[in-house]
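# Inside the fold
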Amino acid sequence: MLEDLRHLRALVDRADERLTDMTHRGGRLETTVAQIHVVLAEHSARFDRAEARLSRIEKRLGLAEA
């Protein structure tokens, strides 16, 4: 009986370690996704500025449709 309890305790300890590891990995994944969102927002803003500049250039050169 005592051996069975020790075996069960070892299983619970391993499960706890795995859960802790998965929690840490999930946190790192959330951080990475947040960083990707920031980069995408920065790129979107840059594209918007480039589009506005291109529109002004087209208008000055008479290439833009009225």
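The sections below set out a description of the structure shown in this document.

Procedures and definitions
- Residues numbered from 1 in each chain as written.
- Predicted model: local features only at pLDDT ≥ 70, side-chain atom pairs only at ≥ 80, totals over all residues.
- Heavy atoms only, no water.
- Helix = DSSP H or I, 4+ residues; strand = E, 2+ residues; numbered from the N terminus.
- Rg over C-alpha atoms; globule rule 2.2 N^0.38 Å.
- Buried < 20%, exposed > 50% of the residue type's maximum accessible area, 1.4 Å probe, protein only.
- Areas by Shrake-Rupley, 256 points an atom, 1.4 Å probe, with all protein chains shown as cover.
- Salt bridge = Lys/Arg side-chain N within 4 Å of Asp/Glu carboxyl O.

Here we come to the overall build of the chain. A tally of regular secondary structure across the chain gives one helix and zero strands. Computed over its C-alpha atoms, the radius of gyration of the chain comes to 28 Å, more than 25% above the 11 Å expected for a compact globule of 66 residues. Along the longest, intermediate and shortest principal axes, the C-alpha atoms of the chain span 90 × 15 × 10 Å. Burial status across the chain gives 0% buried among its 66 residues. Working note: accessible area of the chain is about 6,600 Å², and carbon and sulfur atoms make up 58% of it.

Right, let's talk about the pattern of salt bridges for a bit. Overall, the coordinates contain one salt bridge when judged by the stated rule. Among the ionic pairs, Arg-9 bridges to Asp-13, the shortest N-O distance being 3.4 Å. Taken together, the positions of Arg-9 and Asp-13, both in helix H1 (residues 2–61) and four residues apart, correspond to about one turn of that helix.

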